[in-house]
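Structural overview for review
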Amino acid sequence: MDWSRIKTIFILTFLVLDVYLVYQFINTRDAAQYEIPKEATLEEKLKNDDITYGELPEMKKKEQYLSVRTKVFTTEEMAKVKGQSISLGDGTSIEAKLEKPVKLTSKFQPAELTAFMKANIFAGEQYKFWSKNDEDGTITYYQEYDSKTFYYNSNAKLTFFFNKDNEVTSYKQTYLEIIDELADAEELLPPLRAVDTLYKKGLLKPKSEITDFELGYSTLVNLTSSHVVTPTWRIEVDGKESLFVHAFEGRVLSLSDEENKITE
C-alpha cells in the first residue's frame, strides 16, 4: 500500500473541504446580515405626520448682527407733529392722544391705518402690523429694518388704543436707531433647517400647516450704550402660532415682550 499517496489524497481532500466550508460560512454570514435602514429625510418625516408647508422664501445666504440703541425723542422733533397731545416721559417713548379719533371698520384691515401712520407717526412707514387685540382694545405694530421685523421688541413698538366705538384715540411708540452692522456676514440657516429644529423638539404637531416663513431680528445682548440683535426665523403655524429659531445657531428661541425689552 502506498501510504505516501494516500496521505497526499487525504490532505487534498481536507483542503478542498476547508475551502468549501469557508465559502459556505461567508455566504451564510452575508445572507444573515440585515441592511441598516437609512434615516428618513425631513420631507419624508413631515409627510408621514401630515405637516405641510408652502413655497420657501427667497433669501440671502449671509446676514449680520446689528448694533442698535433706543431713540431718545426731543421736544423739537415733536413740535412738528400736529393734531396730537404728546407726552415724552423720559424721552424713550411717545404717548399721544389724538384730537380727532381715527374711525376703524368692523372688519379691520392694517391698510386702514397706513395713510395715518405715514402722515402723523414718527417714521411710521417703518412699522409693520403684528396683531389686533379686541379685549385690550389695542393694535400692535413692530418696527422693521431692511424689511425684517424686530420681533416682540418693546423698544421698537407702536401700539394704537381704540375705544368701544372702534375709534383709535391714542398711541404709544418706541423706536430703535441702527448704529452698525457687526462683524463679518455669517451663513444663514436655511428655512427648512429651522423647521427641522422645531420638528426634532416636538414643536410641530401632526396635521399642522406651516403658513409663513419670515426673517427678522430678536435681541441677543443688552449692553450699556448699545444692544445687539440677531437674525431670527419666524415660523408661523396654522396662521396663528409663531415659533422662533436663531438664524445662525439653530437654537429655538422663546420670545416675549419682556424677554426682548432693551434697558439702559
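Up top is the structure.
Residues numbered from 1 in each chain as written. Predicted model: local features only at pLDDT ≥ 70, side-chain atom pairs only at ≥ 80, totals over all residues. Heavy atoms only, no water.

1. A few points about the pattern of salt bridges
Two side chains of opposite charge can pair, provided their charged atoms sit close to one another. Using the criterion set out here, one finds 14 salt bridges in the structure. One salt bridge in this structure joins arginine 234 and glutamate 214, with 3.1 Å as the shortest N-O distance. Here glutamate 214 lies in strand 11 (residues 209–222) and arginine 234 lies in strand 12 (residues 227–237), a separation of 20 residues in the sequence. For the residue pair arginine 234 and glutamate 214, the accessibility class agrees, reading buried in each case. The network of salt bridges with common partners includes Lys128, Asp212, Glu214, Arg234 and Glu236. (Salt bridge = Lys/Arg side-chain N within 4 Å of Asp/Glu carboxyl O. Helix = DSSP H or I, 4+ residues; strand = E, 2+ residues; numbered from the N terminus. Buried < 20%, exposed > 50% of the residue type's maximum accessible area, 1.4 Å probe, protein only.)

2. Notes on the nonpolar core
If you look at the biggest cluster of nonpolar residues, it comprises 23 residues, and the most contacted ones within it are Leu113, Tyr141 and Phe160. For this core, the element with the most residues is strand 4 (residues 94–103), which contributes four residues. (Core = buried A, V, L, I, M, F, W, Y, C linked by side-chain atoms within 4.5 Å.)

3. Remarks on the pairing of strand 12
In terms of burial, strand 12 is a largely internal element, eleven of the eleven residues being buried. For strand 2 (residues 62–70) and strand 12, the ladder comprises three bridges, and the chain directions are antiparallel. Directly across from serine 67, in strand 12, lies its bridge partner valine 228. Here strand 11 pairs with strand 12 via eleven bridges, running antiparallel. Bridging from a neighbouring strand, leucine 215 pairs with tryptophan 233 of strand 12. In the sheet, strand 12 pairs with strand 13 (residues 241–246) via six bridges, with the strands oriented antiparallel. Bridged to tryptophan 233 within strand 13 is valine 245. Between strand 12 and the antiparallel strand that follows it, strand 13, lie three residues; aspartate 238 among them carries a positive phi value of about 55°. (Pairing = 2+ DSSP bridges.)

4. Points about the environment of leucine 46
Structurally, leucine 46 is set in helix 2 (residues 42–48). In this structure leucine 46 comes out as buried when scored by relative accessible area, which is 1%. Sequence-wise, leucine 46 and tyrosine 199 are 153 residues apart; in three dimensions their C-alpha atoms are separated by 8.4 Å. Apart from the residues lying within four places of it in its own chain, the contact partners of leucine 46 are Ile51, Tyr53, Val195 and Tyr199. (Contact = heavy atoms within 4.5 Å.)

5. Some details on the pairing of strand 4
Regular strands show a simple pattern: their side chains alternate between the two faces of the sheet. By the bridge criterion, four bridges tie strand 3 (residues 84–87) to strand 4 in an arrangement that is antiparallel. Counterpart to serine 87 in the pairing with strand 4 is glutamate 95. Here strand 3 folds back onto strand 4, and the loop between the two strands holds six residues, one of which, glycine 89, carries a positive phi near 55°. Of the strand pairs in this sheet, strand 4 and strand 9 (residues 167–173) are connected by six bridges, and their pairing is antiparallel. Bridging from a neighbouring strand, lysine 97 pairs with serine 170 of strand 9.

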